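# Inside the fold
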Amino acid sequence: MFDFQTDAGLNKPELYEALTQAAQALVYGESDPVANMANLSAVIWQFLPDLNWAGFYRTIGDELVLGPFMGKPACIRIPFGQGVCGTAAASARTQVVPDVHAFPGHIACDAETRSEVVVPVVVDGKVIAVIDLDSPTPSRFDEADAAGLEKLALIAAKAICATP
Ligand code: SME
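So, here's what we can say about the structure. (Residues numbered from 1 in each chain as written. Predicted model: local features only at pLDDT ≥ 70, side-chain atom pairs only at ≥ 80, totals over all residues. Heavy atoms only, no water.)

### Focus: the packing of helix H1 (residues 12-27) against helix H4 (residues 143-160)
Between two packed helices, the angle of one axis relative to the other and the distance separating the axes together describe the packing. For clarity, the cut-off: Whenever a helix is involved, its axis is fitted only over the stretch in contact; in every case the axis is a line through C-alpha atoms, and angles between N-to-C directions fall within 0 to 180 degrees. Secondary structure elements are defined from DSSP: runs of H or I of at least 4 residues count as helices, runs of E of at least 2 residues count as strands, and each element is numbered from the N terminus. An angle counts as roughly parallel when it lies under 35 degrees, as roughly antiparallel when it exceeds 145, as roughly perpendicular when it falls between 65 and 115, and as oblique in every other case. By the convention used here, residues are in contact when the closest approach between their heavy atoms is within 4.5 Å.
Two numbers describe how H1 lies on H4: the axes approach to 9 Å, and their chain directions differ by 10°. On the basis of their axis angle, the class for H1 and H4 is roughly parallel. For the pair formed by H1 and H4, the contact residues are Lys12, Tyr16, Leu19, Thr20, Ala23, Gln24 and Val27 on the first element and Ala144, Asp145, Gly148, Leu149, Leu152, Ile155 and Ala159 on the second.

### Describing the site of the ligand
Which entries qualify depends on this criterion: Whether a residue is near a molecule or strand is decided by its heavy atoms; if any one of them lies within 4 Å of it, the residue is near. By the criterion applied in these results, polar contacts are pairs of N or O atoms within 3.5 Å in which, for protein atoms, one can donate a hydrogen and the other can accept it, and in which residues neighboring in sequence qualify only through two side-chain atoms. Here, Shrake-Rupley sampling with a 1.4 Å probe gives the accessible areas, and only protein chains in the shown set may cover a residue.
Neighbouring the ligand are 13 residues; Val84, Cys85, Ile107, Glu116 and Asp134 lie closest to it. The backbone of Val84 places a nitrogen or oxygen atom 3.0 Å from an oxygen atom of the ligand. The side chain of Asp134 places a nitrogen or oxygen atom 2.7 Å from an oxygen atom of the ligand. Notes on the ligand: free accessible area 300 Å², of which the protein chains cover 99%. Top contributing element to the shell around the ligand by residue count: helix H3 (residues 83-91), with 3 residues.

### As for the side chain of Arg140
The condition is simple: We call a residue buried when its accessible area falls under 20% of the maximum for its residue type, exposed when it is over 50%, and partly exposed in between, using a 1.4 Å probe and counting protein chains only.
Take Arg140: it is sitting in the loop between strand E6 (126-135) and H4. What makes Arg140 buried here is its relative accessible area of 12%. In contact with Arg140, other than residues within four places in its own chain, are Lys12, Leu48, Pro49, Asp50, Leu51, Ser115, Ser135 and Asp145.

### Comments concerning unusual backbone geometry
Of note in this structure, Asp50 is not a glycine but carries a positive phi near 65°. Summarising the element assignment, Asp50 is placed in the loop between helix H2 (33-47) and strand E1 (53-60). Since its relative accessible area comes to 34%, Asp50 is described here as partly exposed. For Ala92, which is not glycine, the phi torsion reads 55° and is therefore positive. By the element assignment, Ala92 lies in the loop between H3 and strand E4 (95-97). Residue Ala92 is classed as partly exposed on the basis of its relative accessible area, which comes to 40%.

The values are spatial; any link to function lies outside them.
Listed below in structure tokens is the structure:
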């Protein structure tokens with residue numbers, strides 16, 4: 001059983017440090033990519049406040065395909081270069097979007113979403129997946145979130161491509 005305690009008094013770097021430690025414990029010794037993406041989505045959802053979606057899209061061919069997530073059902077396929085996820089995947093750069101309505105080509109999966117952050121998961125120079133977080137609050141994500149999630153993406157990279 002994993003029984004992680006979250007502490008509402010932590011600042012963002014402390015919160016991401018706690019999340020990183022929990023994530024490492026969750027994927028330790030496990031090589032199944034679906035299980036690891038599912039548990040990483042769940043622990044992000046548990047630790048980070050004010051989210052309405054958190055999960056993975058995986059690179060398959062020249063598009064992103066929905067992976068394990070927490071939240072409402074979402075769009076299944078996103079071409080590289082389209083939407084926030086496709087832009088993060090095509091550029092291999094984290095996208096912090098304070099106002100999704102102002103992002104050209106934003107793909108609305110949940111009308112409640114107001115802000116979003118998408119972080120590429122890179123293995124051997126290739127974007128193999130992205131981590132996507134949505135919030136109903138405008139400007140929910142900042143550079144501290146991007147930095148914390150980029151560390152989480154390093155854990156995800158190993159957890160998705162782990163060899164038994
Ligand atoms: N908003 C994303 C689509 C995925 S959902 O938010 C879960 C985008 O524009 O790529």
